[in-house]
Amino acid sequence: EADIYQTPRYLVIGTGKKITLECSQTMGHDKMYWYQQDPGMELHLIHYSYGVNSTEKGDLSSESTVSRIRTEHFPLTLESARPSHTSQYLCASSQGGGLFFGSGTQLSVL
Amino acid sequence: RKEVEQDPGPFNVPEGATVAFNCTYSNSASQSFFWYRQDCRKEPKLLMSVYSSGNEDGRFTAQLNRASQYISLLIRDSKLSDSATYLCVVSPGDYGQNFVFGPGTRLSVLP
């Protein structure tokens, strides 16, 4: 079982609020990723990191930002949440093999 | 054309059936290949890596054909619990390149 954790599991929040989705892994993986997925739709890469102080935007444009100050921690921040940000956010990590995903955060912005 | 394509699905099969999923990829430099399963509203979980020699894990067999840029997954004696979406995932393998996900094929195993 992969050791990658996301909190909160569910988040319902009002428009305009600042939110941070947490992601931590205990496997020492260098590579970490954030994906966005709507129900029944494909995963879209929104951010990735290949190590501490390395962050890049993914294929899907996103208004969120990320940071990678520690290997194990890769939080995602939305400065001002909007209803269009309602989605599932999945964090993942990798070290040369496959991707291991956290349980995801289901975000609903009212 | 998408970089990774899969059978459109959905596949509705009776319990005990054998079902095969197909996946093609366009980047000939791809190095690593995987099958994931994703249950509704859950995260994708690694089912198996795919090797050129083919590999088997219980009722699941994966094959890779590099010349045809084709990957397959065979599920024998399907169970109700196999109902999920199956994702084909390809990695170019270079540091600096990312995993590419197929759109997924949904499987429903019916009693």
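The structure under discussion appears in the preceding block.
Being a predicted model, the structure only gives us computed values, none of them experimental.

Criteria and cut-off values
Residues numbered from 1 in each chain as written. Chains lettered and ligands numbered in written order. Predicted model: local features only at pLDDT ≥ 70, side-chain atom pairs only at ≥ 80, totals over all residues. Heavy atoms only, no water. Helix = DSSP H or I, 4+ residues; strand = E, 2+ residues; numbered from the N terminus. Rg over C-alpha atoms; globule rule 2.2 N^0.38 Å. Pairing = 2+ DSSP bridges. 1 Å grid on protein atoms, 1.4 Å probe; cavity = no way out; pocket = protein on both sides within 12 Å on 5 of 7 lines; lining within 4 Å. Points joined across faces, edges and corners; volume = space filled by probe spheres on them. Nonpolar A, V, L, I, M, F, W, Y, C, P; charged D, E, K, R; others polar. Salt bridge = Lys/Arg side-chain N within 4 Å of Asp/Glu carboxyl O. Buried < 20%, exposed > 50% of the residue type's maximum accessible area, 1.4 Å probe, protein only. Disulfide = S-S within 2.5 Å. Contact = heavy atoms within 4.5 Å. Polar contact = N/O pair within 3.5 Å; in protein donor to acceptor, adjacent residues only side chain to side chain.

Asker: Give me the lowdown on the overall build of chain B, citing residues and values where you can.
Answerer: On a plain count of helices and strands, chain B comes out with zero helices and 11 strands. Each helix (α) and strand (β) of chain B, taken in turn from the N terminus, gives the series β-β-β-β-β-β-β-β-β-β-β. Scaling as 2.2 N^0.38, a compact globule of 111 residues should have a C-alpha radius of gyration of about 13 Å, and chain B matches this with 14 Å. Judged by the C-alpha coordinates and their principal axes, chain B covers about 45 × 30 × 25 Å.

Asker: Tell me about the sheet that holds strand 1 (residues 4-7) of chain A, and please be specific about residues and values.
Answerer: All names here are of chain A. Strand order in the open sheet formed by four strands is 1-3-8-7, with antiparallel pairing between adjacent strands. Among the strands making up the open sheet, the edge pair consists of strand 1 and strand 7 (65-66). The pairing of strand 1 with strand 3 (residues 19-25) spans four bridges and is classified as antiparallel. For Tyr5, the partnering residue across the bridge sits in strand 3 and is Ser24.

Asker: Tell me what's going on with the layout of surface pockets, and back it up with residues and numbers.
Answerer: If you add up the space inside the largest pocket, you get close to 490 Å³. The set of elements that each furnish at least two residues to the lining of the largest pocket consists of strand 9 (84-91) and strand 11 (105-110) of chain B. The residue inventory of the lining of the largest pocket, partitioned by class, reads eight nonpolar, nine polar and seven charged. Considering only enclosed or pocket space, the second largest pocket measures out at about 400 Å³ in volume. Lining the second largest pocket are 18 residues, and of these Asp59(A), Glu3(B), Phe99(B), Val100(B) and Phe101(B) lie nearest its centre. Put simply, the parts of the chain that give the lining of the second largest pocket at least two residues each are strand 5 (43-51) of chain A together with strand 10 (100-101) of chain B.

Asker: Can you lay out the pattern of salt bridges for me, pointing to particular residues and giving the numbers?
Answerer: All names here are of chain B. If you walk through the whole model with that rule in mind, you get eight salt bridges over all chains. Of the charged contacts, one joins Arg37 and Asp39 as a salt bridge, the two residues approaching to 2.6 Å between their closest N and O atoms. Judged by its relative accessible area of 17%, Arg37 is buried. Residue classification places Asp39 among the partly exposed positions, given a relative accessible area of 30%. Arg76 is the salt-bridge partner of Glu56, the closest N and O atoms lying 3.5 Å from each other. Within this pair, whereas Glu56 is found in strand 6 (residues 55-57), its partner Arg76 is found in the loop between strand 8 (70-75) and strand 9, the two being separated by 20 residues in sequence. Judged by its relative accessible area of 58%, Glu56 falls in the exposed class. When its relative accessible area of 27% is taken as the criterion, Arg76 is described as partly exposed.

Asker: Tell me about the state of the cysteines, and name the residues and values.
Answerer: Think of a disulfide as a covalent bridge from one cysteine sulfur atom to another cysteine sulfur atom. The final tally for this structure, using the stated rule, is two disulfides over all chains. Here Cys23(A) connects covalently by a disulfide to Cys91(A), the sulfurs 1.9 Å from one another. Handedness here is read from the sign of the S-S torsion; for Cys23(A) and Cys91(A), about -75°, the answer is left-handed. Placement of the pair is Cys23(A) in strand 3 and Cys91(A) in strand 9 (residues 87-94), with a sequence separation of 68 residues. This pair shows no difference in class: Cys23(A) is buried, exactly as Cys91(A) is. The disulfide partner of Cys23(B) is Cys88(B), and the S-S distance across this bridge is 2.0 Å. The sign of the -70° torsion about the S-S bond sets the Cys23(B)-Cys88(B) disulfide as left-handed.

Asker: Could you give me a rundown of the interface of chain A and chain B, with the residues and numbers involved?
Answerer: Think of interface size as the accessible area that goes away when the parts come together; that is how it is often given. Opposite the 23 residues of chain A that make contact, chain B presents 18 residues. For the pair chain A and chain B, the number of links is one salt bridge. Residue Lys2(B) is joined to Glu42(A) by a salt bridge in which the shortest nitrogen-to-oxygen separation is 2.4 Å. Run the count over chain A and chain B and you get four residue pairs in polar contact (both at pLDDT 80 or more). Of all the elements in the fold, those that place two or more residues in the side of chain A that touches chain B are strand 4 (31-37), strand 5, strand 9 and strand 10 (100-101) of chain A. Looking at the side of chain A that touches chain B, its residues break down into 11 nonpolar, eight polar and four charged.

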